[in-house]
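So you can see what is in the structure, the chains are spelled out below.
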Amino acid sequence: MIFTVTPIYALLASLIYMVLWTRVTSKRSALGQSIGDGGDSDLLLRIRQHGNCAEWISFLLILMILAEGMGAPALYLHISGVLLLIGRVAHPFGLKKDNASHVLRYVGNGTNMLATLNVMVCLGVNILGF
């Protein structure tokens, strides 16, 4: 089987991941902090932005590759992929130290929840044979 849709989103999501990783690494280097956040709230924020990205993209890409392997329609995979990317771009801007209710945090989490539900339906339809 050749996967054609999910790798597109894996590539684009990995670019977002690498940008966030670079932000963590550069801050660690500037602080001389090898492990942990050293009590620096900006480093902690960057670590969580990167970690949240890693958690969501790995989870969703696994679901997407399973759905694609089971023959899910490309349109639905693209919907999940686009929602994943929107969420991963929006979320770091909405994850604030002083504002847990920032609109972009909701956009980031909301789009990724919708992407997950969409691909879960694709998997369920294929598993149950509808």
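My aim in this report is to walk through the structure given alongside it, one point at a time. Fair warning: this is a prediction, and the values are worked out from it, not measured in the lab. Residue numbering note: each chain is counted from 1, following its sequence as written. The predicted nature of this model means local features are confined to residues of pLDDT at least 70 and side-chain atom pairs, given and counted, to a pLDDT of 80 or more, with totals for whole chains, interfaces and linings taken over all residues. Hydrogens and water are ignored here; the side-chain numbers use all heavy atoms of the structure.

1. Focus: the overall build of the protein chain
(1) Moving on: Each helix is a run of H or I in the DSSP string that is no shorter than four residues. Each strand is a run of E no shorter than two, and both are numbered from the N terminus. From N to C terminus, the protein chain includes four helices and zero strands.
(2) Moving on: Reading the helices (α) and strands (β) of the protein chain from amino to carboxyl end gives α-α-α-α.
(3) Moving on: Expressed along its principal axes, the backbone C-alpha trace of the protein chain runs to roughly 55 × 30 × 20 Å.
(4) Moving on: Buried, partly exposed and exposed residues are distinguished by accessible area as a fraction of the type maximum, computed with a 1.4 Å probe on protein chains only: under 20%, between the cut-offs, and over 50%, respectively. Scored against the burial criterion, the 130 residues of the protein chain give a buried share of 35%.
(5) Moving on: A separation threshold of at least 6 residues defines the contact pool for the protein chain, and within that pool the share at least 24 residues apart is 67%. Residues are treated as being in contact if the distance between any of their heavy atoms lies within 4.5 Å.

2. Looking at the side chain of Asn112
(1) Moving on: Inspection of the secondary structure puts Asn112 in helix α4 (residues 103-128).
(2) Moving on: Leaving out residues up to four positions away in the same chain, Asn112 has contacts with Trp56, Leu60, Leu83, Leu84, Gly87 and Arg88.

3. Side note on helix α2 (residues 41-69)
(1) Moving on: The first and last C-alpha atoms of α2 sit 42 Å apart over 29 residues, in line with the 42 Å expected at 1.5 Å per residue.
(2) Moving on: Under this definition, polar contacts are N or O atom pairs within 3.5 Å; protein pairs additionally need one hydrogen-donor-capable and one acceptor-capable atom, and for neighbouring residues in sequence, both atoms have to be side-chain atoms. Two to three positions downstream of the cap, the backbone nitrogen of Asp42 sits 3.1 Å from a side-chain oxygen, assigning the N-cap of α2 to Asp40.
(3) Moving on: Just beyond α2, the residue with positive phi is Gly71, at close to 95°. Here the expected span of a helix is defined as 1.5 Å times the quantity of residues minus one.

4. As for a nonpolar patch on the surface
(1) Moving on: Like charges are joined within 9 Å and nonpolar side chains (Val, Leu, Ile, Met, Phe, Trp, Tyr) within 5 Å, but only among residues with over 30% relative accessible area and no salt bridge; these make up the patches. Each accessible area is a Shrake-Rupley result for a 1.4 Å probe, and residues are judged covered by the shown protein chains and nothing else. Salt-bridge detection follows one rule: a side-chain nitrogen of Lys or Arg within 4 Å of a carboxyl oxygen of Asp or Glu. Where nonpolar side chains cluster on the molecular surface, the patch consists of Met70, Val121, Val125, Ile127, Leu128 and Phe130 and spans about 650 Å² of accessible area.
(2) Moving on: Inspection of the secondary structure puts Met70 in the loop between α2 and α3 (74-94).
(3) Moving on: Residue Met70 is classed as partly exposed on the basis of its relative accessible area, which comes to 37%.

5. Observations regarding the pattern of salt bridges
(1) Moving on: A complete count under the given rule lists three salt bridges for this structure.
(2) Moving on: Close ionic contact of Asp42 with Lys27 constitutes a salt bridge, the shortest N to O distance being 3.3 Å. In this pair, Asp42 sits in helix α2 while Lys27 sits in helix α1 (residues 6-31), placing the two residues 15 residues apart along the sequence.
(3) Moving on: Exposure remark for Asp42: the relative accessible area of 21% places this residue in the partly exposed category.
(4) Moving on: Residue Asp42 pairs with Arg46 through a salt bridge whose shortest N-O separation is 3.4 Å. Taken together, the positions of Asp42 and Arg46, both in helix α2 and four residues apart, correspond to about one turn of that helix.
(5) Moving on: For Arg46, a relative accessible area of 16% gives the class buried.
(6) Moving on: Linked by salt bridges that have partners in common, Lys27, Asp42 and Arg46 make up one network.

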